[in-house]
Amino acid sequence: MRPLVVGTEALLLETDSAEEVAALHAELLRRRGELGGVRDIVPAARTVLLDGVADPAALGARIARWEVPAPAASEGPLVRVAVRYDGPDLAEVAALWGVGAQEVPAIVGGIAFRVAFCGFAPGFGYLTGLPARFHLPRRATPRTSVPAGSLALAGEYAGVYPRSSPGGWQLIGTTDAVVWDPAREPAALFAPGVRVRFEEVGA
Amino acid sequence: MSGLLVLRAGALTTVQDRGRPGLAHLGVPRSGALDAGARALANRLVGNAADAAVLETTLDGVALRARAPVTVAVTGAPCAVRVSGRPAAWGAPVRLRAGAELDVGRAESGLRSYVAVRGGFAVPPVLGSRSTDLLSGLGPAVLSAGTVLPVGGAWIGPVRGAGALGVPGPPSVLVLPLRLGPRADWFEAASIARLLRSPYRVSARSNRIGLRTEGGPRLARRRGGELPSEGMVLGAVQVPPDGLPVLFLADHPVTGGYPVLGVVPSGRPLNAAAQAVPGLEVRFVSA
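The structure presented is a predicted model; accordingly, all values stated were derived computationally and were not measured.

Looking at the secondary structure, you find Thr213(B) in strand 14 (residues 210-214). What Thr213(B) contacts, discounting residues up to four positions off in sequence, is Tyr200(B), Arg201(B), Ser203(B), Leu244(B), Pro245(B) and Phe284(B).

This is the structure in structure tokens:
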């Protein structure tokens, strides 16, 4: 893990993998009290940003000495999301995976996803857990409008669109779960560290 | 009847307070007034807490009618202030009678004026803030004529007689102190040196998300490839593939995939950036 100072009050902790980010993020939340005040802890693809810290260089040196344990598979709250596999890209995704479309729900349903980080839009979680053989390219031409609640895949990630927006991910299904509601506590269903299981409606 | 009726919304007027810090991990931008110093001063003049919600105008001000007696103050970009057609003070508390019309004129220098009302603008908060976030769409809608803005109870002290004397006006050159990192090593050293001795200009494509630059040398990358998305801070100077630096302002995305050359500290430099009009000269200096 490499600490990189960002301006006068932030610190970027760089790792080599999504798994290391997950472990480091969990440890930072556990030991938040030792950080001496931090406004934002923002995990991303290979980094965790600590924003609003008093002395980023000293904090970075301190965290670099931490022993960061791998997180237990059962760590983090579990959210079950009901999905209808009715996405317009379902057949294409199945073809890319070399399976029949009817097998996709069982494949996706068998994966233990975890929210690695949020971005793109409020409440849009990037879910990791897809084995490498199921990683997918983005669509060559993004859609101008993807409906809210679309379950989508791209690269190493799965995600659910919190509201209707343009998007280039492959759409395999739909959920009625409200993944983002600023009037609700918590506003985001998919906060970093949350574990997610997709269950087929009626299955 | 209470509150203020919007008569003329102006080019882009939004409600802004201190925004939504602390929610970046959920994909929520910070938002908030771009010129935090002008917001705090406007609030102080009318006896509000420093982070009460104010109006942020863009270039051509705003006009409001008081539906009940209120005290207001205009700060930020200097401009003509009129009350029912008569000249009134900029940078000082102004009393409006019921029915009086406040006209905040076109910015004479700078870009964004701020209007505080004693008690604060009390539109419904979203995630603890009344700020309009133009990137993610959180918070109240951009002001439009006919909207009534409610007034709250966010005052904490008396109205101050002291005005905005001594507050520096918008500068003729925008100087941005740049602390290199975290991705300065993605760029040619000679190219960074060139950036630090060359003038740029503020691009007309700038907005609350970022101040774009043009007219200066393009940064040359010493390593290709893509940067996996990483957390972005307020004041980050990101360099997209065209090589022209973009300074991230309050509505910036929480993560980004272009390397950050350096960071401009918050406070005065970012307040000055909020007042930078298109075409203004920009200088990056090593900090």
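With that settled, the discussion passes to empty space enclosed by the protein. With the rule as written, the count across this model stands at two cavities of 30 Å³ or more. Within this model, the largest cavity holds a volume of roughly 110 Å³. What lines the largest cavity is a set of 18 residues, and nearest its centre among them are Asp40(A), Asp51(A), Ala24(B), Arg30(B) and His252(B). Of all elements in the fold, only strand 3 (40-43) and strand 4 (47-51) of chain A reach the threshold of two or more residues within the lining of the largest cavity. Considered class by class, the residues forming the lining of the largest cavity number 11 nonpolar, two polar and five charged. As a volume, the second largest cavity reaches approximately 40 Å³.

On to the domain arrangement of chain A, then. All names here are of chain A. Its domain assignment divides chain A into domain 1 (2-64) and domain 2 (78-200). Contacts between the two partners involve seven residues from domain 1 and, on the opposite side, six residues from domain 2. Buried surface at the junction of domain 1 and domain 2, both sides included, amounts to about 510 Å², of which 57% is carbon and sulfur. There are one salt bridge connecting domain 1 and domain 2. With its nearest N and O atoms 3.6 Å apart, the salt bridge here joins Arg46 to Glu156. Taken together, domain 1 and domain 2 are joined by zero residue pairs in polar contact (both at pLDDT 80 or more).

This part covers the pairing of strand 5 (residues 70-76) of chain B. Residue and element names in this part refer to chain B. The element strand 5 is largely enclosed, with a buried count of seven among its seven residues. Of the two faces of strand 5, the one lined by Val70, Val72, Val74 and Gly76 and the one lined by Thr71, Ala73 and Thr75 are each fully buried. The pairing of strand 5 with strand 8 (residues 94-96) spans three bridges and is antiparallel. Bridged to Val72 within strand 8 is Val94.

Further remarks concern unusual backbone geometry. Peptide bonds are trans in most cases, and residues, glycine excluded, mostly fall at negative phi. All names here are of chain A. The omega torsion across Glu185 and Pro186 is 0 degrees, close enough to zero to call that bond cis. As for its placement among the helices and strands, Pro186 is situated in the loop between strand 12 (170-174) and strand 13 (195-200). Backbone geometry at Phe120 places phi at a positive 70 degrees, although glycine is not the residue there. If you trace the backbone, Phe120 turns up in the loop between strand 6 (113-118) and strand 7 (125-128).

The rules we used
Along each chain, residues carry numbers from 1 onward, in the same order as the chain's sequence is written. Whichever chain is written first becomes A and whichever ligand is written first becomes 1, with later ones labelled in order. In keeping with the model being predicted, local features are shown solely for residues with a pLDDT of at least 70 and side-chain atom pairs are shown and tallied solely at 80 or more, while totals for entire chains, interfaces and linings include all residues. Only heavy atoms go into the side-chain values, all of them from the structure, while hydrogens and water stay out. Where helices and strands are cited, they refer to DSSP runs of H or I of at least four residues and of E of at least two residues respectively, numbered from the N terminus. In this analysis, two residues are considered to be in contact whenever any of their non-hydrogen atoms come within 4.5 Å of each other. With a 1 Å grid spanning the protein atoms alone, the term cavity applies to any set of points in which a 1.4 Å probe fits but cannot get out, the term pocket to an open set with protein on both sides within 12 Å along at least five of seven lines, and the term lining residue to any residue with an atom within 4 Å of a point. Grid points are joined across faces, edges and corners, and a volume is the space filled by probe spheres set on the points. Gly is put with the polar residues, along with every residue not named as nonpolar or charged; the nonpolar set is Ala, Val, Leu, Ile, Met, Phe, Trp, Tyr, Cys and Pro, and the charged set is Asp, Glu, Lys and Arg. The source of the domain bounds is an automatic or database domain assignment. For any pair of parts, buried area is found by adding up, for both, the accessible area (1.4 Å probe) each one loses once the two are put together. In the sections that follow, a salt bridge refers to a side-chain nitrogen of Lys or Arg positioned within 4 Å of a carboxyl oxygen of Asp or Glu. Pairs of N or O atoms within 3.5 Å make up the polar contacts considered here, provided that, within protein, one atom can donate a hydrogen while the other can accept it, and that residues adjacent in sequence are counted only when both atoms are side-chain atoms. Relative accessibility thresholds used throughout: buried, under 20% of the residue-type maximum; exposed, over 50%; partly exposed, between the two (1.4 Å probe, protein chains only). By the convention used here, strands pair only if DSSP detects at least 2 bridges between them.

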